[in-house]
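Read off the chains here:
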Amino acid sequence: MSALIQVVLPVFIVIAFGYGAAWRGWFKAEAVDALMTFAQGFAIPMLLFRSMMNLDLAGSFDAALWASFYVGALTGFGVGILGARFIFHRTWEEAIAIGFVGLFSNSLLLGLPITERAYGVDALSANFAIIAIHSPFCYAVGITAMEIVKNRGGSIAQLPAKVLRAMFRNMLIIGIICGVIVNLSGFTLPSALTEAIDLMVRAALPTALFGLGGILFRYRPDGDLPTVGFIITVSLIVHPLVVWGMGKMLGLPLSSFRSAVVTSAMAPGVNAFLFANMYGQARRVAASAVLLGTAVSILTASFWLVLLP
């Protein structure tokens, strides 16, 4: 148990530092925004660029891995939508936003550091294979569903353009695409540029975790707790259970199986709130789910790590 605490707790302590600094007023809201702009707009895209640039694309892009993880993600999305609509009587637009919380696990800020601490840097290839299509896949699914619901009875001719525009404004997606292009081209970056990128990469996770704490303080829980509890359960229990079953059924190798389950068991990412905010739907539920889900995942992440071989 002490080894488990050493794996999980440091990640959440950094988040707690950011939360505490924002709570005490030592780190102002504009400073949090600036830090997250750097982390999500520059440092993490650089991390993804660097990872995609060096990744063994043929060896890491495993259809069974993707099927295991994303069938679980789609299950979370579908269960979230149906529960929000028929149990909590939300509008279809709100239900889509709540379903997105069950779709988008925090693969980057939580999944990467916890997998690395539990199984080492060499275990991250499967994580990066998941992350490579995580934002494109989730945004494509969420935006498509929302636009269909918003345009009930209208023309869908403009739908593909809307989805593509929203996706390609996302710096994470741009970083992934650029890294894949460099990887496939075989082009070698100058060493000075590579070292500069590595400097930013080393700052990515610590700054993002600290900033995440500040963001979570801003969107602390406020009402709708039954709905929040429901979607957190979907995110932290239903999603990884489906991934576990799919991984066993498809015979995933142990390293890929671990990465898929750990990543699927992470709390909803801040992108869940950003998606809700983008459409002005269920923002309070999404923000509260990110905060409370992150806190609860201290326990649930330990639970899944104990179960994994």
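Residues numbered from 1 in each chain as written. Predicted model: local features only at pLDDT ≥ 70, side-chain atom pairs only at ≥ 80, totals over all residues. Heavy atoms only, no water.

Caption draft 1: The overall build of the protein, seen in detail. Counting secondary structure elements, the protein contains 14 helices and 0 strands. In sequence order, the secondary structure elements of the protein are arranged as α-α-α-α-α-α-α-α-α-α-α-α-α-α. A compact globule built from 309 residues should have a C-alpha radius of gyration of about 19 Å, and the protein, at 19 Å, falls within 12% of that. Based on the C-alpha atoms only, the size of the protein along its principal axes is roughly 55 × 50 × 45 Å. A sequence separation of at least 24 residues applies to 85% of the contacts in the protein between residues at least 6 apart. Per element, the accessible surface of the protein, about 13300 Å² overall, is 67% carbon and sulfur. Separation of charge centres in the protein, based on 18 positive and 13 negative side chains, amounts to 7 Å. (Helix = DSSP H or I, 4+ residues; strand = E, 2+ residues; numbered from the N terminus. Rg over C-alpha atoms; globule rule 2.2 N^0.38 Å. Contact = heavy atoms within 4.5 Å. Areas by Shrake-Rupley, 256 points an atom, 1.4 Å probe, with all protein chains shown as cover. Lys, Arg positive; Asp, Glu negative; His and termini not counted. Charge placed at Lys NZ, Arg CZ, Asp CG, Glu CD.)

Caption draft 2: Structural view of the packing of aromatic side chains. For the structure on display, the rule yields 14 aromatic pairs. Each ring, one from F69 and one from Y70, has its centre 4.8 Å from the other, and the planes form 80 degrees; the classification is edge-to-face. Each member of the pair F69 and Y70 is classed as buried. Between F100 and F275, the aromatic rings sit 4.0 Å apart at their centres with planes inclined by 10 degrees, giving stacked as the arrangement. Taken together, the positions of F100 in helix α5 (residues 92-103) and F275 in helix α13 (residues 270-279) put the pair 175 residues apart, joining distant regions of the chain. Of the two residues examined, F100 and F275, each falls in the buried class. (Phe/Tyr/Trp six-rings, centres within 6.5 Å; stacked < 30°, edge-to-face > 60°. Buried < 20%, exposed > 50% of the residue type's maximum accessible area, 1.4 Å probe, protein only.)

Caption draft 3: Representation of the environment of Y219 within the structure. Relative to the elements of secondary structure, Y219 occurs in the loop between α10 (191-218) and α11 (225-250). Not counting residues up to four positions away in its chain, the partners in contact with Y219 are F273, A287, S288 and L291.

Caption draft 4: Here's a closer look at the environment of F42. Its location among the elements puts F42 in helix α2 (residues 29-54). Using a relative accessible area of 46% as the deciding quantity, one classes F42 as partly exposed. Spatially, the C-alpha atom of F42 lies 15 Å from that of T194, the residues being 152 residues apart in sequence.

Caption draft 5: Inspection of α5 at higher detail. An ideal rise of 1.5 Å per residue puts 16 Å on 12 residues; α5 measures up with 16 Å between its terminal C-alpha atoms. Burial within α5 is extensive, with 11 of its 12 residues counted as buried. The inward-facing, buried residues of α5 contact α4 (63-86), α7 (125-150), α11, α13 and α14 (283-307). (Expected span 1.5 Å × (residues − 1).)

Caption draft 6: Structural view of the pattern of salt bridges. Considering all chains together, one arrives at 4 salt bridges under this definition. Where R90 meets D224, a salt bridge forms, and the shortest distance between an N and an O atom there is 3.0 Å. Separated by 134 residues along the polypeptide, R90 in the loop between α4 and α5 and D224 in the loop between α10 and α11 bring together distant segments of the chain. Here D224 falls in the partly exposed class, since its relative accessible area comes to 24%. In the salt-bridge network here, residues are joined through shared partners; they are R90, E94, D224 and R284. (Salt bridge = Lys/Arg side-chain N within 4 Å of Asp/Glu carboxyl O.)

Caption draft 7: A look at the confidence of the model for the protein. Put simply, the protein has an average pLDDT of 85, and 92% of its residues get 70 or more. Across the protein, the secondary-structure element scoring lowest on mean pLDDT is helix α3 (residues 57-60), at 64, and the one scoring highest is α4, at 96. (pLDDT = per-residue confidence, 0-100.)

Caption draft 8: Up close: the packing of α11 against α14. Where α11 contacts α14, the two axes come as close as 9 Å, and the packing angle between them is 35 degrees. With respect to the hand of their crossing, α11 and α14 are arranged in right-handed fashion. For the pair α11 and α14, contact is made by L225, T227, V228, I231, I232, L236, I237, P240, L241 and W244 and by V285, S288, A289, L292, G293, V296, S297, T300, W304 and L307, respectively. In the contact of α11 with α14, the residues fall into 15 nonpolar, 5 polar and no charged. (Axes fitted to C-alpha atoms, helices over the stretch in contact; angles between N-to-C directions. Left-handed = near helix turned anticlockwise from the far one by under 90°. Nonpolar A, V, L, I, M, F, W, Y, C, P; charged D, E, K, R; others polar.)

Caption draft 9: Highlighting the nonpolar core. I44, I96, F100, L108, L109, L110 and F275 are the most contacted members of the largest nonpolar core, which totals 93 residues. Take this core: its biggest share by element is 12 residues, from α7. If sequence neighbours within four positions are ignored, I96 has contacts with F77, I81, G142, A145, M146, V149 and F275. (Core = buried A, V, L, I, M, F, W, Y, C linked by side-chain atoms within 4.5 Å.)

Caption draft 10: Fine view of helix α9 (residues 171-185). The terminal C-alpha atoms of α9, which comprises 15 residues, lie 21 Å apart, in line with the 21 Å expected from a rise of 1.5 Å per residue. A positive phi of about 75 degrees marks G186, the residue just after α9.

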